[in-house]
Amino acid sequence: TCALPICRGRMTSCVIIGAGFAGASTAWALARAGVTSGVIVEREFGPGAHSSGRNAGLVRLVEDDAVVLTLGVRSLPTLRRVKTDGVSVFRQTGALSLAARESTDDIRACCDELRAHGLDASLLTAAEAKARFPATAAFQFDVALLCADEGVVDIHALLTWYLDEAKRAGFTLRTRTTVDELVVEGGRVVGVRTGGAVLRADAVVDATGAWAGRLSAPRLPLQPFRRHLCTTGPAAGWARDVPYIWLWSNELYCRPELDGLLMSPCDVTPAAPETLTEDPAIGDLLASRLAHHAPGLLDLPLRRTWACLRTFAPDRRPCIGADPELAGLFHVSGLGGFGMMTSPAVGEIAAAAILGTPTDWLDAKLVAPARLVSRTGAASRST
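Residues numbered from 1 in each chain as written. Predicted model: local features only at pLDDT ≥ 70, side-chain atom pairs only at ≥ 80, totals over all residues. Heavy atoms only, no water.

**Q** Looking at this structure, I do not really get the packing of helix H2 (residues 66-81) against helix H7 (residues 343-355). What am I missing?
**A** Two quantities define a packed helix pair, namely the angle between the helix axes and the distance between the axes. Close contact between H2 and H7 brings their axes to 6 Å; oriented N to C, the two are set at 105 degrees. With respect to each other, H2 and H7 are oriented roughly perpendicular. When H2 is examined against H7, the residues Leu71, Arg74, Ser75, Thr78 and Leu79 are found in contact with a partner set consisting of Ser343, Pro344, Ala345, Glu348 and Ile349. Among the residues forming the contact of H2 with H7, the class breakdown is five nonpolar, three polar and two charged. (Axes fitted to C-alpha atoms, helices over the stretch in contact; angles between N-to-C directions. Helix = DSSP H or I, 4+ residues; strand = E, 2+ residues; numbered from the N terminus. Parallel < 35°, antiparallel > 145°, perpendicular 65-115°, else oblique. Contact = heavy atoms within 4.5 Å. Nonpolar A, V, L, I, M, F, W, Y, C, P; charged D, E, K, R; others polar.)

Laid out in structure tokens, this is it:
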């Protein structure tokens with residue numbers, strides 16, 4: 001059902017809650033589709049205050065989930081095209097996935113899948129990788145997958161671009177504005193209540209990241225997980241455009257950052273967004289993983305450590321589309337660690353769901369919120 005009815009060639013408005021990549025890319029895609037009025041509501045002082053502004057900015061197309069890979073491949077041309085002040089937001093550095101010998105068959109299958117999607121992927125022995133990319137000498141591995149199409153995005157520039165494009169089409173951004181509840185009339189969401197005022201709209205989009213799924217009852221089964229990132233002191237041999245490195249075992253990744261490295265031990269700990277704190281033991285975890293996988297980096301001093309949240313549905317796929325029970329409410333959430341990378345495609349699917357138009361490149365049911373309640377019933381939505 002089309003949530004934004006067409007009236008004499010114009011679309012009516014929507015309210016998008018959250019100005020991170022989920023909300024901003026949805027507004028951008030709606031604007032591209034002809035929506036000329038809408039409001040993006042953000043409770044913080046500015047957009048991207050949480051996960052959208054704290055991630056590593058990696059475009060990682062090495063994905064074993066077919067849906068996420070499709071979203072990434074669909075998004076890549078847009079990420080390559082976006083420029084701010086004449087500078088591309090995307091740097092195509094390439095990336096190396098390093099693996100032990102026992103993972104050779106898996107990494108070869110992944111390489112074949114990337115090639116099938118038209119991506120530039122190749123396998124390297126450890127000797128070949130170390131000869132081409134001397135920085136890999138710090139790591140212990142037997143085989144490497146080089147995906148030349150991967151890279152790094154300026155996350156703040158990309159987020160600002162989405163919002164600026166939406167504003168040019170007629171959207172407005174309201175910061176320091178908290179949504180207290182949905183306004184429901186006749187079983188349909190018709191707006192939101194914020195600070196005693198009611199903001200009415202034909203469609204309301206929950207794009208609240210780690211807080212997603214809490215406005216409706218019962219809640220969607222979305223779980224935030226804490227992950228830490230760190231920056232180090234100077235690291236020799238890591239030029240700005242050296243491919244970033246990700247361990248196939250998902251225990252560590254790193255990329256150049258200023259004169260040092262940005263790295264993560266890939267920790268995954270359930271966390272409540274209201275009580276997000278840094279783990280004082282994260283330095284020990286990072287040191288342990290470096291000692292095992294990258295002893296050549298073990299002596300780098302840590303400059304800064306911070307925590308962020310990655311929110312997932314039980315099947316680790318995004319949650320995009322109409323609420324299964326409340327008409328007029330839409331979800332764009334559960335984007336985990338791939339929200340920035342897939343944001344153009346995520347916005348495209350979200351806009352299609354809101355406008356009631358089909359997508360011919362992905363079965364929208366694979367990411368629809370309804371899938372999260374169809375297996376065990378509505379009671380499973382409570383977390």
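**Q** Which parts of the structure should I look at to understand the state of the cysteines?
**A** In total, this model carries zero disulfides according to the counting rule given. The cysteine cysteine 230 is free of any disulfide, with cysteine 308 supplying the nearest cysteine sulfur at 11 Å. Residue cysteine 230 is classed as buried on the basis of its relative accessible area, which comes to 1%. There is no disulfide at cysteine 266, and the cysteine sulfur nearest it, in cysteine 254, is 10 Å away. Look at cysteine 266 and you get buried, because its relative accessible area is 5%. (Disulfide = S-S within 2.5 Å. Buried < 20%, exposed > 50% of the residue type's maximum accessible area, 1.4 Å probe, protein only.)

**Q** Whenever I open this one, the packing of helix H1 (residues 21-32) against H7 confuses me. Can you help?
**A** Relative to each other, H1 and H7 sit at 60 degrees, their axes nearing to 7 Å. Compared by their axis directions, H1 and H7 come out oblique. Crossing hand, H1 versus H7: right-handed. Contacts between H1 and H7 involve Phe21, Ser25, Thr26, Trp28, Ala29 and Leu30 from the former and Ser343, Pro344, Val346, Gly347, Glu348, Ala350, Ala351, Ile354 and Leu355 from the latter. Taken together, the residues of the contact of H1 with H7 sort by class into 10 nonpolar, four polar and one charged. (Left-handed = near helix turned anticlockwise from the far one by under 90°.)

**Q** Teacher, can you tell me more about the sheet that holds strand E13 (residues 171-174) here?
**A** The six strands are arranged E13-E4-E3-E17-E25-E24 in an open sheet whose pairing can be described as mixed. Edge positions in the sheet fall to E13 and strand E24 (319-322), since each has one partner strand and no second. Across the sheet, the mean angle separating the axes of adjacent strands is 15 degrees when strand polarity is ignored. Of the pairings in the sheet, the one linking strand E17 (residues 203-206) to strand E25 (residues 329-333) comprises three bridges and is parallel in character. Directly across from aspartate 206, in E25, lies its bridge partner histidine 331. Relative to the sheet, helix H5 (residues 155-169) contacts strand E4 (38-41) and E13, its axis offset from that of E13 by approximately 125 degrees. (Pairing = 2+ DSSP bridges.)

**Q** In this structure, what is going on with the pairing of strand E3 (residues 14-17)? I would like to understand it.
**A** The side chains of a regular strand alternate between the sheet's two faces. Side chains of E3 alternate between two faces, with Cys14 and Ile16 and Val15 and Ile17 buried alike. Here E3 runs beside E17; their pairing, made up of four bridges, is parallel. Along E17, the bridge assignment pairs valine 15 with valine 204. Tracing the backbone out of E3, into H1 and back to the parallel element E4 gives a crossover that is right-handed. (Right-handed = clockwise from strand over helix to strand, strands pointing away.)

**Q** Explain the sheet that holds strand E5 (residues 58-59) here, please?
**A** Two pairing modes exist for strands in a sheet, parallel and antiparallel, and in both the strands are linked by backbone hydrogen bonds. Ordered by their spatial adjacency, three strands build an open sheet running E5-E12-E8, and the pairing between neighbours is antiparallel. Each end of this open sheet is capped by a strand with a single partner; those strands are E5 and strand E8 (90-91). Bridging between E5 and strand E12 (residues 151-153) involves two bridges; their strand directions are antiparallel. Bridging across to E12, valine 59 finds its partner in glycine 151.

**Q** Would you mind going over the nonpolar core with me for this structure?
**A** What tends to happen in soluble globular proteins is that the nonpolar side chains get buried as a cluster. Counting residues in hydrophobic clusters, the biggest one holds 67 residues, and the most contacted among them are Ile16, Leu30, Val59, Leu114, Leu158 and Phe171. Excluding its chain neighbours within four sequence positions, the residues that come into contact with isoleucine 16 are Gly23, Thr26, Ala27, Leu30, Val39, Ile40, Val41, Phe171, Val205 and Ala207. (Core = buried A, V, L, I, M, F, W, Y, C linked by side-chain atoms within 4.5 Å.)

**Q** What should I look at first to understand unusual backbone geometry in this one?
**A** With the exception of glycine, the majority of residues adopt a negative phi angle, and the majority of peptide bonds are in the trans configuration. Positive phi is not limited to glycine here, since aspartate 85 has a value of about 55 degrees. Residue placement: aspartate 85 occurs in the loop between strand E6 (83-84) and strand E7 (87-88). The class of aspartate 85 is exposed, set by a relative accessible area of 82%. One non-glycine residue, leucine 258, lies in positive phi territory at about 55 degrees. Structurally, the position occupied by leucine 258 is in the loop between strand E20 (253-257) and strand E21 (260-264). Owing to a relative accessible area of 77%, leucine 258 belongs among the exposed residues under this scheme.

**Q** Would you explain the packing of aromatic side chains in this entry?
**A** What describes a pair of aromatic rings is the distance from one ring centre to the other and the angle between the planes of the rings. Counted by the stated rule, this structure contains six aromatic pairs. When the ring of tryptophan 161 is compared with that of tyrosine 162, the centres are 5.6 Å apart and the planes differ by 55 degrees; the resulting orientation is tilted. With a relative accessible area of 0%, tyrosine 162 lands in the buried category. Over the aromatic face of tryptophan 306 sits the side chain of arginine 304, whose NZ or CZ is 4.2 Å from the ring centroid. A cation over a ring is seen here: arginine 316 above phenylalanine 312, with NZ or CZ 3.9 Å from the ring centre. (Phe/Tyr/Trp six-rings, centres within 6.5 Å; stacked < 30°, edge-to-face > 60°. Lys NZ or Arg CZ within 6 Å of the ring centre and 35° of its normal.)

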